[in-house]
Structures are given as C-alpha cells and as structure tokens.
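Fold and contact review
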Amino acid sequence: MTGFKTPKGLNDREVVIIEAGEKAREQHGCGWGSTFKTITSEQIEALLTGKQLAFSVMDEYVVFIEKEN
C-alpha cells in the first residue's frame, strides 16, 4: 500500500470491525501507512481479565488496547 488512502469511517478514538484478510484491509484504507498485528488466545484472555495490550508501530508510536467495561 502506497500513498495516503483515507481510512473509511475511522477516527483516532475508534476501533472498527472489518472482515479478515488483505482485501478488507485494502478496502478500509491505510492513511499514510498501516501495520498488521495478530493477537493470541492468551492475549484475548488477558483483555477479558482487565489487562491491556501494548505494541509499537514503526518504532514511533505506541498503541494500547483494552476491553471496554
């Protein structure tokens, strides 16, 4: 994916659910760049027990994920 492609219906405070796969990611948009992460069953269980997930994006940004109460 190259160049800016506006993410469809997404702002900085939203997480949306899209279909799995590269085609859906391409249709959704990538902004100035994108990354793909997978999470494990253990990480899902951690979210369900009140933990957060954290990961780096391009060694420049950090994303925190938590389950909504």
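Each value, and the rule that gives it
- Residues numbered from 1 in each chain as written.
- Predicted model: local features only at pLDDT ≥ 70, side-chain atom pairs only at ≥ 80, totals over all residues.
- Heavy atoms only, no water.
- Helix = DSSP H or I, 4+ residues; strand = E, 2+ residues; numbered from the N terminus.
- Buried < 20%, exposed > 50% of the residue type's maximum accessible area, 1.4 Å probe, protein only.
- Areas by Shrake-Rupley, 256 points an atom, 1.4 Å probe, with all protein chains shown as cover.
- Pairing = 2+ DSSP bridges.
- pLDDT = per-residue confidence, 0-100.
- Phe/Tyr/Trp six-rings, centres within 6.5 Å; stacked < 30°, edge-to-face > 60°.
- Lys NZ or Arg CZ within 6 Å of the ring centre and 35° of its normal.
- Patch = residues over 30% accessible without salt bridge, like charges linked within 9 Å, V, L, I, M, F, W, Y side chains within 5 Å.
- Salt bridge = Lys/Arg side-chain N within 4 Å of Asp/Glu carboxyl O.

Attention now goes to the overall build of the protein chain. Each helix and strand in the protein chain was counted, giving two helices and two strands. N-terminal to C-terminal, the α/β element order of the protein chain is α-α-β-β. Out of the 69 residues in the protein chain, the part that is buried amounts to 12%. Working note: accessible area of the protein chain is about 6300 Å², and carbon and sulfur atoms make up 52% of it.

Before going further, it helps to examine the pairing of strand β1 (residues 52-57). Note that β1 and strand β2 (residues 61-66) share six bridges and pair antiparallel. Note that in β2 the partner of Gln52 across the bridge is Glu66. Where β1 folds back on β2, the antiparallel hairpin that results is connected by three residues, among which Met58 adopts a positive phi of roughly 55°.

So, about the environment of Glu68. Structurally, the position occupied by Glu68 is in the segment after β2. Residue classification places Glu68 among the exposed positions, given a relative accessible area of 71%. Measuring from C-alpha to C-alpha, the distance between Glu68 and Leu47 comes to 9.3 Å, with 21 residues separating the pair along the chain.

In this section: the confidence of the model for the protein chain. Predicted confidence across the protein chain gives a mean pLDDT of 82, with 81% of residues reaching 70 or more. When mean pLDDT is compared element by element in the protein chain, helix α2 (residues 41-48) scores highest at 96, while helix α1 (residues 22-28) scores lowest at 82.

Further remarks concern the packing of aromatic side chains. Enumeration over the complete set of coordinates arrives at zero aromatic pairs. One residue, Arg25, lies across the ring of Phe36, its end atom 4.1 Å from the ring centre.

On to a nonpolar patch on the surface, then. Taken together, Ile39, Ile44 and Leu48 make up a surface patch of nonpolar side chains, about 270 Å² in accessible area. By relative accessible area, which is 44% here, Ile39 ends up partly exposed.

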